[in-house]
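Residue-level listing of the chains:
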Amino acid sequence: MTYRFAARRVLFLILLFGPATIGQTQPSAPILVQNAADVARTQEPVASGLCLPAWSNFLDPNLDFELVDGNGSPVPVQFKVLSRWGGTRDDGSLPAKWALIEFLADVPANGTAVYFLRQGTRAQGNLTSQALPGEIVVSTGAADFTIDTTQFTLLKDVKVGGVSVIGGPGALIVHDVNGTSIDSMLAETVWEEQGDVRAVLRQKGMLGALGLNFTVRYTFWTDRTDVKVDFRLENNNANGELPYLGSTIGHAWFEDLTLVLHGTDAQADVQLTDGVRNTNGASWSLEQDYTSPIEALQMLTGFQLRESGPGISSVQQDARADGTVALRSAGNSLAVSVDRFWQNFPKGFSAAGDMLAIDLWPAFGNGPEYGGQWGLPSSPVTDPLSLDYYRFEGGRWKTVTLGLDFRQGAYSAAELTHRAKALDKPLMALWDPAFYAKSFVFGTLVVERRNWNKVSNNRYERMLDILARDDAADDQPSLGKIGLPGFRERGGTYGGRQMYGWENFGDLAWGDGFCSNHYDLVWGVLINYPRTADYSFFDVARDLVAHRRDYDQNHTQDPSAQRRGGQYYEKGYWHGNFGPPAPSHTWVQGLLLWYVLTGDEGAYEAAKEVGDFVIRLHPETWDGWWGSRIPGWETEALLNLYLYLGDSVYLSTAQQSIVNYEQQEQANGGGGYVLNPGWTSNPHAQTWMHCIMFNTLGKYHLMTGDPSVLPLMGRMADWIVNEVVLETPAGPTPARTTGKVWGRFAPGWHQDPSVHHQWVTIESLSYAALCLHDNAYMMLARSLWESVTRYHQESASNGSPHDYDDPSTFSPISFRLMQYPNAETKVMSNVALWGQVFLAADAIWDGVF
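Counting restarts for each chain: residues are numbered from 1 in the order of the written sequence. Totals for whole chains, interfaces and linings use all residues, but because this is a predicted model, local features are given only for residues with pLDDT of at least 70 and pairs of side-chain atoms are given and counted only at 80 or more. Excluding hydrogens and water, the side-chain figures rest on all heavy atoms present in the structure.

J.: Any chance you could explain the nonpolar core here in plain terms?
T.: A general tendency of soluble globular proteins is for nonpolar side chains to be buried together. Membership of the largest hydrophobic core comes to 165 residues, with the highest contact counts inside it found for Trp98, Phe103, Trp431, Phe442 and Tyr644. Residues belong to one nonpolar core when they are buried, are Ala, Val, Leu, Ile, Met, Phe, Trp, Tyr or Cys, and are joined through side-chain atoms within 4.5 Å. Burial here depends on accessible area, computed with a 1.4 Å probe over protein chains only, as a share of the maximum for the residue type. Under 20% is buried, over 50% is exposed, and the range in between is partly exposed. With 63 residues, the next largest nonpolar core counts Val158, Leu261, Val270 and Trp361 among its residues.

And the structure:
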């Protein structure tokens, strides 16, 4: 064991199993459980990924650990291995790397509770299941749920206290453009997880006449009367309209899609969080829609809520429902909450008699109204059907999450409100952020947030904070404080861009349409959750990742679609419609991080598709055309896939890609660069693309320790220093110039000076310092960092000196950028992506990592 490895092992054990706590004789590891809602949570579910050290050899955490609360009392707990060290998650001979911890927690409102993990025998829950002919019965100890395995009925029966609280099987109702009802066919019912604390049952089915599929996941918990349902609509057919995405157009159009539950009383009333509607079984409906905003730059004012029923006929503008409704009778009640209800308009509920309909794609909606591959929002609609019906393109997914609860008796208004808030802000558990920084489980160096006592580092932390919170932004004249949330709410750079709606929410608009969460914005936001324990990063990231997982990736299963599994391109007003997925614009680490932090199997499936996509494009045969970012991003994707999923084919293909890249570099003279022959009149290199490849090499070396890449890294680092860095800040602190780098290079020729591309260059210099053990690289990185964190919106043409001690001269920190209007998503995703490694390297150099 090397000294460094031994030191990391000791550090991990101190962090994880630190001094004995709460009077226990054995050491324990504190787990922080966060409640971001303003209501106390009692015995509510926690399902969060925790990383474990390789050397501890925990093969099955269910056999290794027990969980206790702050009083030392055992808490029923369960684990699911998500990732293993050195192999796939199914190889039980390898130690667990990430495991989903699952338990019920008590957490105060807007607070944190501490639980403790220690080695021992876990307390078990009361959850059981039984397979019967044609059905599965899940008993939680508080309710019995029956799932039909012959046809899709959502829930066949629910019993509380031995009494049925629903009036019969539910249903999935879908109509095509002719108003014809489409039958659903069930294809499979399988357990994804089957335990005594938590169980997940998956059903897959088809809407044959439409050519659509669906996947439903039911999550049950011990001692609870509710079930979480994730309903995913899928079009696995080819897109067909874009190159490399299949030979036939496989889009589907439909009028509506509704899930139905039945109560036990034909004279039931409807209850919302603001009160009871005495409908007595009469028809009632609630419609969440969107019209035009009342005020420019305030897109939220465009939401409209319509309600009708006995004595009810209301239309409210600037109104948004919380997505929770109950069907209430004297004997029992059922409640439904739809996650991110208004954000994914149109949505609705309707009731009549004993029926409650959950209108996921309600009949009053339509779209997206498609304007063609190169169309603008103002262009004529090229798909007439999209004016009246829903257009669900080949290769798209869309997931809706519901919470269903059942009881004898009625809900109070406070209980319904609680359900809405609980679904909106799920409990999350995590280690102390300091541990994640030391574990290297992300494959990318990160360091926990702290007060750095450095203007530059603290400003960078605030640049990250605006990805989750508006209040972290500078107050700009006539604009105010604008973080990522405010950017969405104002409608983008100049306003008016609709970033809400079922096809839009979770993606961000920029000058070329929607960005498809380019430059792994998901990772850029989400990584800050474990490194800061700030729940707001998780809250924002979960919407971004939902869109990236479902709608921003082509899920076509048609083998004629060569680019299936790739991330949709960053251009086009209909989410990647400008061109097919490209290896230069497909990122996966954010998906993988979400998977190991939450156990989301949809993210796991999508990440596996990305792996197939990259391997199918053979990065190991790249011929030097169109820039080094292509093998750079492809190889990094493979490294990330190996890091989280463990399949050795990812690592071996990445290694072959690196060997091929060095061969290309040698063929170009061995100067640390590869000229792009695609620029036929002047073959040259775009410098920032080479930095992307260099950063991948640095990541590979730190992951594997392989010294074979160091000579190549040395040549590339020297090239970066001598040919890429244009201007190093010079002069005394009160009158110092700003840093700049070249954007394009050929021997004896440079072009496109840039301030912004310092970010990726600084990451390269940080990797060079770490891997090549050369202090000069770190000093240069620090010099550029001091400049770009203060003056990131500076024009490259400005050569005037600046006062580095005067905050009034600094660039505003805001998601709405004055220097880069309509490019905010690219600029800020770059900033988030290419600063973490420097922060860690800086801490290492200062001896405070």
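This is not the end of the story, as more comes after the structure.
J.: Help me out: how do you make sense of the sheet that holds strand S16 (residues 212–221) in this one?
T.: Only strands that DSSP links by at least two bridges are regarded as paired with each other. What counts as a helix is a DSSP run of H or I of at least four residues, what counts as a strand is a run of E of at least two, and both are numbered from the N terminus. Here we have 9 strands laid out as an open sheet, ordered S14-S15-S16-S17-S30-S26-S25-S20-S21, and antiparallel in their pairing. Looking at the sheet topology across the chains shown, the edges are occupied by strand S14 (185–194) and strand S21 (275–277). This sheet shows a mean twist of 20 degrees between the axes of neighbouring strands, independent of strand direction. For strand S20 (residues 269–272) and strand S25 (residues 324–328), the ladder comprises 4 bridges, and the chain directions are antiparallel. From the neighbouring strand, Leu272 faces S25, where its bridge partner is Val325. To define axes, lines are fitted to C-alpha atoms, for helices over the stretch in contact only, and angles between the resulting N-to-C directions are given on a 0 to 180 degree scale.

J.: Explanation requested: the pattern of salt bridges in the structure shown.
T.: Pairing is possible between side chains that carry opposite charge, provided their charged atoms lie close to one another. Counted as salt bridges are all cases of a side-chain nitrogen of Lys or Arg within 4 Å of a carboxyl oxygen of Asp or Glu. Per the counting criterion, the structure on display carries 58 salt bridges. Between Arg396 and Glu393 there is a salt bridge, with its nearest N and O atoms 3.0 Å apart. According to the relative accessible area criterion, Glu393 is buried, its value standing at 5%. Residues joined by salt bridges that share partners form a network here, namely Glu188, Glu192, Arg202, Arg217, Arg232, Glu234 and Glu605.

J.: Help me out: how do you make sense of the packing of helix H12 (residues 629–645) against helix H14 (residues 687–704) in this one?
T.: Geometry of a packed helix pair, given as the angle between the helix axes and the separation of the axes. The interhelical angle for the contact between H12 and H14, taken along N-to-C directions, is 25 degrees, at an axis separation of 8 Å. With respect to H14, the element H12 is oriented roughly parallel. The element H12 and its partner H14 pack so that their crossing is left-handed. Of H14, the residues touching H12 (which contributes Arg629, Pro631, Gly632, Trp633, Thr635, Glu636, Leu639, Asn640, Tyr642 and Leu643) are Trp688, Met689, Ile692, Met693, Thr696, Lys699, Tyr700 and Met703. The classification used treats Ala, Val, Leu, Ile, Met, Phe, Trp, Tyr, Cys and Pro as nonpolar, Asp, Glu, Lys and Arg as charged, and all other residues, Gly among them, as polar. Class assignment of the residues belonging to the contact of H12 with H14 gives a composition of 11 nonpolar, 4 polar and 3 charged. Angle categories are assigned with fixed cut-offs, so that under 35 degrees is roughly parallel, over 145 is roughly antiparallel, 65 to 115 is roughly perpendicular, and the rest are oblique. By definition, any crossing whose near helix is turned counterclockwise from its far helix by less than a right angle is left-handed, and any crossing with a clockwise turn is right-handed. Contacts are assigned to residue pairs with any non-hydrogen atoms lying within 4.5 Å of each other.

J.: What am I meant to see in the side chain of Thr301 here?
T.: Structurally, the position occupied by Thr301 is in the loop between strand S22 (284–290) and strand S23 (303–309). Judged by relative accessible area, Thr301 falls into the buried class, the value being 6%. Those residues in contact with Thr301 that lie beyond four places of it in its chain are Ser292, Pro293, Ile294, Glu295, Gln317 and Asp318.

J.: Would you take a moment to explain the packing of aromatic side chains for this structure?
T.: What characterises a pair of aromatic rings is the spacing of the ring centres plus the angle enclosed by the ring planes. Side-chain rings of Phe, Tyr and Trp, where Trp is taken by its six-membered ring, are said to pair if the distance between their centres is within 6.5 Å; with planes under 30 degrees apart they count as stacked, over 60 as edge-to-face, and otherwise as tilted. For the coordinates displayed, the defined rule picks out 53 aromatic pairs. Seen in terms of ring centroids, Phe65 and Phe79 are 6.0 Å apart; in terms of plane orientation they differ by 50 degrees. Their pairing is tilted. Of this pair, Phe65 sits in strand S3 (residues 65–68) while Phe79 sits in strand S5 (residues 77–84), and the two are 14 residues apart along the sequence. Taken as a pair, Phe65 and Phe79 share a single burial class, namely buried. The structure contains a cluster of three or more aromatic residues connected by ring pairs, namely Trp98, Trp431, Phe435, Tyr436, Phe442 and Trp523. The rule for a charge over a ring is simple: NZ of Lys or CZ of Arg within 6 Å of the ring centre, and within 35 degrees of the ring normal. It is Arg89 that lies over the ring of Tyr604; its NZ or CZ is 3.8 Å from the centre. A cation over a ring is seen here: Arg497 above Phe514, with NZ or CZ 5.9 Å from the ring centre.

J.: When you look at the pairing of S3 in this model, what are you seeing that I'm missing?
T.: Within a regular strand, side chains alternate between the sheet's two faces. The two faces of S3 match: Phe65 and Leu67 on one face and Glu66 and Val68 on the other face are all buried. When S3 meets strand S4 (residues 74–75), the two strands line up antiparallel, connected through 2 bridges. Paired with Val68 across the strands is Pro74, a residue of S4. Between S3 and S4, which pair antiparallel and follow one another directly, the connecting turn spans 5 residues, one of which, Gly72, has a positive phi of 85 degrees.

J.: Where do I start with the sheet that holds strand S6 (residues 96–107) in this structure?
T.: Across a sheet, strands are paired by hydrogen bonds formed along the backbone, either parallel or antiparallel in direction. Read from one edge of the open sheet, 3 strands run S2-S6-S5, paired in antiparallel fashion. The open sheet has two edge strands with one neighbour each: strand S2 (41–51) and S5. The sheet shows a mean angle of 20 degrees between the axes of neighbouring strands, taken without regard to direction. Relative to S2, helix H10 (residues 589–598) is tilted by about 130 degrees, and along the sheet it contacts S2, S5 and S6. Relative to the sheet, H12 contacts S5 and S6, its axis offset from that of S5 by approximately 145 degrees.

J.: I keep staring at the side chain of His792 and nothing clicks. Help me out?
T.: With respect to the helices and strands, the residue His792 is situated in the loop between helix H17 (775–788) and helix H18 (824–833). His792 sits in the buried class, given a relative accessible area of 3%. What His792 contacts, discounting residues up to four positions off in sequence, is Arg459, Met463, Val755, Trp759, Ser811, Pro812, Ile813, Leu817 and Tyr820.

J.: Looking at this structure, I do not really get the pairing of S20. What am I missing?
T.: Judged by which residues are buried, S20 turns out to be covered on both faces: Asp269 and Gln271 on one side and Val270 and Leu272 on the other are all buried. Relative to S21, S20 is paired through 3 bridges, and the arrangement is antiparallel. What sits directly across from Val270, in S21, is Arg277. Counting the residues between successive antiparallel strands, the hairpin from S20 to S21 contains 2 residues.

J.: Would you explain unusual backbone geometry in this entry?
T.: In terms of backbone geometry, most residues other than glycine have negative phi values and most peptide bonds are trans. Cis peptide bonds are those with omega within 30 degrees of zero, and the linkage from Phe345 to Pro346 qualifies with -10 degrees. Among the secondary structure elements, Pro346 is positioned in the loop between strand S26 (332–338) and strand S27 (347–352). The residue after Gly367, namely Pro368, is reached through a cis peptide bond having omega 0 degrees. Positive phi outside glycine occurs at Asn57, with the angle close to 60 degrees. Residue class for Asn57 comes out partly exposed when judged on its relative accessible area of 45%. You will see that Tyr519, though not glycine, has its phi angle at about 55 degrees, which is positive. Take Tyr519: it is sitting in the loop between strand S35 (513–514) and helix H7 (521–526).

J.: Is there a simple way to explain the environment of Leu387 in this structure?
T.: Assignment of secondary structure puts Leu387 in the loop between strand S28 (355–361) and strand S29 (390–392). Residue classification places Leu387 among the partly exposed residues on the basis of a relative accessible area of 41%. A C-alpha to C-alpha distance of 6.1 Å links Leu387 and Gly367, two positions 20 residues apart in sequence. When neighbours within four sequence positions are excluded, Leu387 is seen to be in contact with Asn366, Glu369 and Val381.

J.: Please clarify how the confidence of the model for the protein chain should be interpreted in this entry.
T.: Low pLDDT means the predicted atomic positions in that stretch should not be read closely. Chain-level pLDDT for the protein chain is 95 on average; 97% of the residues reach the 70-or-more range. When the criterion is pLDDT under 50, residues 1–25 qualifies, and its contacts beyond four places in sequence or with other chains add up to 44 contacts. Each residue gets a pLDDT score, which is the predictor's confidence in that residue and runs from 0 to 100.

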